[in-house]
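# Results of the structural survey
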Amino acid sequence: MGAILTVMGLLLLLVALAGIGLGIYMAVEPKTRASGKLFAIWWVPGVAAASGILMRDVVTFTVGSVCFLIAGAVMVF
């Protein structure tokens, strides 16, 4: 069970870091600067959720997941 959580945490961490990197890359272009900033900021709680999985801390995972969902809803609206 521990190995599965570690792999899931690492995969989520890699996806979140890739999302932040993509957002920073988007923010370099003047046309997509605002969207890139929001996209990068949206993935920061994903890093928190991934670290919660890796540390096996339920509170960190829960807070990171809730913040990620709220940020996603803000992006949609």
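The notes below deal with the structure included here. All of these numbers come straight from a predicted model, not from anything done at the bench.

A count of helical and extended segments in the protein chain gives three helices and zero strands. Reading the helices (α) and strands (β) of the protein chain from amino to carboxyl end gives α-α-α. C-alpha extents for the protein chain along the principal axes are approximately 45 × 20 × 15 Å. For the protein chain, buried positions account for 25% of its 77 residues. For the protein chain, restricting intrachain contacts to residue pairs at least 6 apart in sequence, the fraction spanning at least 24 positions comes to 51%.

A word on the nonpolar core. Soluble globular proteins tend to bury their nonpolar side chains together. Membership of the largest hydrophobic core is limited to five residues, which are Ala16, Ile20, Phe39, Trp42 and Trp43. Mapped onto this core, the elements with two or more residues apiece are α1 (2-28) and α2 (33-55). Sort the elements by how many residues they give to this core and α2 lands first, with three residues. Setting aside its immediate chain neighbours within four residues, Ile20 contacts Ala40, Trp43, Val44 and Val47.

Cut-offs applied
Residues numbered from 1 in each chain as written. Predicted model: local features only at pLDDT ≥ 70, side-chain atom pairs only at ≥ 80, totals over all residues. Heavy atoms only, no water. Helix = DSSP H or I, 4+ residues; strand = E, 2+ residues; numbered from the N terminus. Buried < 20%, exposed > 50% of the residue type's maximum accessible area, 1.4 Å probe, protein only. Contact = heavy atoms within 4.5 Å. Core = buried A, V, L, I, M, F, W, Y, C linked by side-chain atoms within 4.5 Å.

Read these as layout, nothing more, since geometry by itself doesn't imply function.
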